Protein chains: 2
Amino acid sequence: MAEGIADLGAPLVERAMAETGLPRARLEGERARTVGQLRLFADLVRSGAWIRATIDLAQHKRQPLPRPDLRRRHVAIGPVAVFGASNFPLAFSVAGGDTAAALAAGCPVVVKGHPAHPGTGELVARAVRAAVATGGLPEGTFSYLPGPSTDLGSALVADPRIKAVGFTGSRAGGLALMRVAAGRPEPIPVYAEMSAVNPVVLLPGALRARSASLAAGFVQSLTLGAGQFCTNPGLLIGIAGSDLDAFAEAAAAAIRESVPHTMLTPDIRDRFAHAVAALAARPGVTVAARGAAAGPGGAPACLLRTEARHVLADPALADEMFGPAALLVAAADMAEVTRLLESLGGQLTATLHLDRADEHLAAGLVPLLARKAGRILANGWPTGVEVAPAMVHGGPFPATSDGRSSSVGTLAIERFLRPVCYQDLPDALLPPPLRPDNPWHLARRIDGVLDPQPGR
Amino acid sequence: MAEGIADLGAPLVERAMAETGLPRARLEGERARTVGQLRLFADLVRSGAWIRATIDLAQHKRQPLPRPDLRRRHVAIGPVAVFGASNFPLAFSVAGGDTAAALAAGCPVVVKGHPAHPGTGELVARAVRAAVATGGLPEGTFSYLPGPSTDLGSALVADPRIKAVGFTGSRAGGLALMRVAAGRPEPIPVYAEMSAVNPVVLLPGALRARSASLAAGFVQSLTLGAGQFCTNPGLLIGIAGSDLDAFAEAAAAAIRESVPHTMLTPDIRDRFAHAVAALAARPGVTVAARGAAAGPGGAPACLLRTEARHVLADPALADEMFGPAALLVAAADMAEVTRLLESLGGQLTATLHLDRADEHLAAGLVPLLARKAGRILANGWPTGVEVAPAMVHGGPFPATSDGRSSSVGTLAIERFLRPVCYQDLPDALLPPPLRPDNPWHLARRIDGVLDPQPGR
């Protein structure tokens, strides 16, 4: 599949550019990530680590009762419905992370294509189906359902053959699919990655030492891809004072100079403009800076500002605006910063900018942030999600429907697995990962001890 | 906590006997299991394996972009509501498996006690609270809410501070809690272990070789604890013929000789009697044998018989009867056995009785059973659930609400954990399991390679 997608060459990138407005370099990078994800999961499948082979040997003479022979492995949960995202036409779409993780787990996948990039989806789906055929996989391994209708998506999730759902998109869309899944005669898990404002705390020492470079880094992260990232830094928090003002002025200047980019769809652009206007109209909120006027489809970046007491009084001020806009919140002191963070719902990420002198303040916040977010960053920006074993792209509700997992990195395979135990089965009936002769040479946990280097 | 419960001595067992009707030996065994579970989870906590410490080291010179330092651990999901089961007043109740797993994960626990054994629950709850106090744990680590009302349970699950639910009980009760949890502003996971008939397939060679001993083993498993086990063998399947008839006759004789035991509550006894009478009244179903007439509170064991075509026409014939009753189903051939198994909903267990000559038949069934059940047994009986790392006590819906986990054994801790990733944090801000100096001496996966023997 990875080879087939890479072999699509420039026409795939150009089709995606035409359908999404995203620039070539970004899409070439996203294609590399998509291909890399598929190869990463292929390596994971070959390693067998996901099987989690666990063996408790029989103890025939144990008193008062003998212990049976118990052998556990993890198996595919069943067919998975995957909903492509608008903002990642490759990496979170037809052959994106959810598809790669579900296929790696051994689950057939049915993709509901996103209507914002139908041609891109079709090209990738054909490459995947060709790989299914040439690889000799069962015909039903991968199916692609293009179409704009939300009824199609609901029908897919309601289908009794579907056993799990992967979704990346809006909160409204995710909540709707959660309701369908919970209302089935057989409820099924939904892994919906929905929304976040990804709070960034600018601690006093960091603000004092480098407000200008912080502002530059912030605006670069905010405006990347027209701000259309689930990890966009949408909420900045600092203690009121001249250092925060200096940051705000530098950020405002960079925002005014930012070049507006075309957004993914007219609907997304309209909703963004509406969200910014609505926030700007709220009492206590001011517009600190707005980017240059945008052409058709484009969206000017925007920095808004308020005080923490307003957000504490009306938590909706901290709702996500999907696009290049952020709210800068001035707090009276660290106690108010803490109260503000405590008031937030679940987040994909939370970021601290700190100097060495801030470490004692940061130490008080890290445990709070670990309750709120799936990933905690220091001195970085949350956009850019590394595809790696230690990555967590997830977080408590409403960032996702299910904070117990990650949609990026190898951990994602666990969303589509369930455990099965085999008790006292004759060797010939055991699946290969659990046979005494260990024909797949897996690292297995036997009577609680990991055998990491099984003889070959 | 384990010591405190053991120290309650005979008064605990005698209180449980009075409240449940279960015999002393059974309750002493259950107490040993309860104490053992708590110690097993204590060992697991000390091992740190549940933290799953995973580190991807920074690659500052990687092209086109440097890789950040990423460190992942698993943390407690938050306060857990646990609902005690009627049929295990100790091992699946106040300080049972769910409580042990949730506390081990670091979650505060609020137990809704089962109204069928209020005194037993109170004694155990006091022992646990005393251990919380003497161990210097936070006051809110453990709370106990006794009371018969289902409103109390619903209010507990609806409370926004609760982040997960563990339940063992009826399908109606589990489904009700699932609805409450899914309808919250913040939906939360429910781990409900609900119902199963635990199909047992008697393959031809085994039937021919040992129908009498199979019948004896079956009736012993069926009537154990008055059949009040979620793993009770409620559905037996064999190919029609003289060997199956011989099994049925031997089983019927043993059923007739079986001694009726007092059931847990009058309500459970009445529902059992109703379920048996309703099944016996269905077309095509006959009563093969009934145990001796029972005294007050008691329930006679019952073996019913039908043909596979009747169950295929009306799957409700295979619904659980909670108590010492089973349905023996005669199939025309192996194809019909397969169709019958395929028609069943998710199960906690599935069992094959086989001789060497049956292995080719069994090999065709094992993959099907792995889709249907959490545990597959050969030549045993499903009652008796070993508390061990490889155990899976769970299974696809409707056996449980969530087939991705186990409620028995160390795997259960994962139900109450979620992953958190720390990106580029200064060493001083990292939690101990992820610090470079590895102060807890944990086995950690670093750049994909497990370091199983960290230097001490």
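In this text, all values refer to a predicted model and were calculated from it rather than measured experimentally. (Residues numbered from 1 in each chain as written. Chains lettered and ligands numbered in written order. Predicted model: local features only at pLDDT ≥ 70, side-chain atom pairs only at ≥ 80, totals over all residues. Heavy atoms only, no water.)

## Some points on the packing of helix 2 (residues 9–20) of chain B against helix 3 (residues 24–47) of chain B
All names here are of chain B. Running from N to C, helix 2 and helix 3 point in directions that differ by 125°, and their axes come no closer than 10 Å. Classified by the angle their axes make, helix 2 and helix 3 are oblique. Pair helix 2 / helix 3 crosses with right-handed handedness. Here G9, A10, L12, V13, E14, A16, M17 and T20 of helix 2 come into contact with helix 3, specifically with R24, L27, E28 and R31. Class assignment of the residues belonging to the contact of helix 2 with helix 3 gives a composition of 6 nonpolar, 2 polar and 4 charged. (Axes fitted to C-alpha atoms, helices over the stretch in contact; angles between N-to-C directions. Helix = DSSP H or I, 4+ residues; strand = E, 2+ residues; numbered from the N terminus. Parallel < 35°, antiparallel > 145°, perpendicular 65-115°, else oblique. Left-handed = near helix turned anticlockwise from the far one by under 90°. Contact = heavy atoms within 4.5 Å. Nonpolar A, V, L, I, M, F, W, Y, C, P; charged D, E, K, R; others polar.)

## Comments concerning the interface of chain B and chain A
On the side of chain A, 60 residues touch chain B, which itself brings 60 residues to the contact. Between chain B and chain A the total buried area reaches about 4900 Å² when both faces are included, carbon and sulfur atoms providing 61% of it. Linking chain B with chain A are 6 salt bridges, by the criterion used here. Viewed at the interface, chain A and chain B are joined by 24 residue pairs in polar contact (both at pLDDT 80 or more). When residues of the side of chain B that touches chain A are traced back to their parent elements, those giving at least two are strand 1 (54–56), strand 2 (70–76), helix 7 (171–183), helix 13 (359–372), strand 16 (373–378) and strand 17 (417–423) of chain B. A total of 7 residues in the side of chain B that touches chain A trace back to one element, the largest contributor, which is strand 17 of chain B. (Buried area = accessible area lost by both parts, 1.4 Å probe. Salt bridge = Lys/Arg side-chain N within 4 Å of Asp/Glu carboxyl O. Polar contact = N/O pair within 3.5 Å; in protein donor to acceptor, adjacent residues only side chain to side chain.)

## Quick notes on the domain arrangement of chain A
Residues and elements named next belong to chain A. Under the domain assignment, chain A is made up of domain 1 (2–194 + 403–415) and domain 2 (199–378). Each of domain 1 and domain 2 has a C-alpha centre, and the two are 32 Å apart. Tallying the contact residues gives 11 residues for domain 1 and 12 residues for domain 2. Together, the buried faces of domain 1 and domain 2 total about 870 Å²; carbon and sulfur atoms form 60% of this surface. Considering only the side of domain 1, the residues that lose the most area to domain 2 are S86, N87 and E193, jointly responsible for 39% of the buried surface there. (Domains from an automatic or database assignment.)

## Observations concerning the sheet that holds strand 6 (residues 164–168) of chain B
Note: strands within a sheet are paired through backbone hydrogen bonds, in either parallel or antiparallel orientation. All names here are of chain B. Spatial ordering of the open sheet is given by 5-4-3-6-7, a layout of 5 strands whose pairing is parallel. Here the strands that pair on one side only, and so sit at the sheet edges, are strand 5 (142–145) and strand 7 (190–193). For this sheet, the mean inter-axis angle between neighbouring strands, taken without regard to orientation, is 15°. Pairing between strand 3 (residues 80–83) and strand 6: 4 bridges, direction parallel. Following the sheet pairing, V82 is matched in strand 6 by G166. (Pairing = 2+ DSSP bridges.)

## What to know about the sheet that holds strand 5 (residues 142–145) of chain A
All names here are of chain A. Spatially, 5-4-3-6-7 is the arrangement adopted by the 5 strands of the open sheet, whose pairing is parallel. Either end of the sheet is taken by a strand with one partner, and the two such strands are strand 5 and strand 7 (190–193). When the angles between neighbouring strand axes are averaged without regard to direction, this sheet yields 15°. As paired elements, strand 6 (residues 164–168) and strand 7 share 4 bridges and run parallel to each other. What sits directly across from V165, in strand 7, is V190.

## Digging into the relation of the copies chain B and chain A
Once turned by 180° and shifted 0.0 Å along the axis, chain B lies on chain A with an RMSD of 0.0 Å. In short, the pair behaves as if placed about a two-fold rotation axis. By C-alpha distance to the rotation axis, the residue of chain B lying nearest is B:A182, at 3.4 Å. An overlap of 100% is found between the interface residues of chain B and their copies at the interface of chain A, pointing to a shared contact surface. (Least-squares fit on C-alpha atoms with pLDDT ≥ 70 in both.)

## Some details on the side chain of B:S406
Residues and elements named next belong to chain B. Relative to the assigned elements, S406 resides in the loop between strand 16 and strand 17. Taking relative accessible area as the criterion, S406 reaches 0% and is therefore assigned buried. Side-chain polar atoms of S406 contact the backbone oxygen of V408, separated by 2.7 Å. Beyond its immediate stretch of four places on either side in the chain, S406 contacts M391, V392, H393, L411, A412 and R415. (Buried < 20%, exposed > 50% of the residue type's maximum accessible area, 1.4 Å probe, protein only.)

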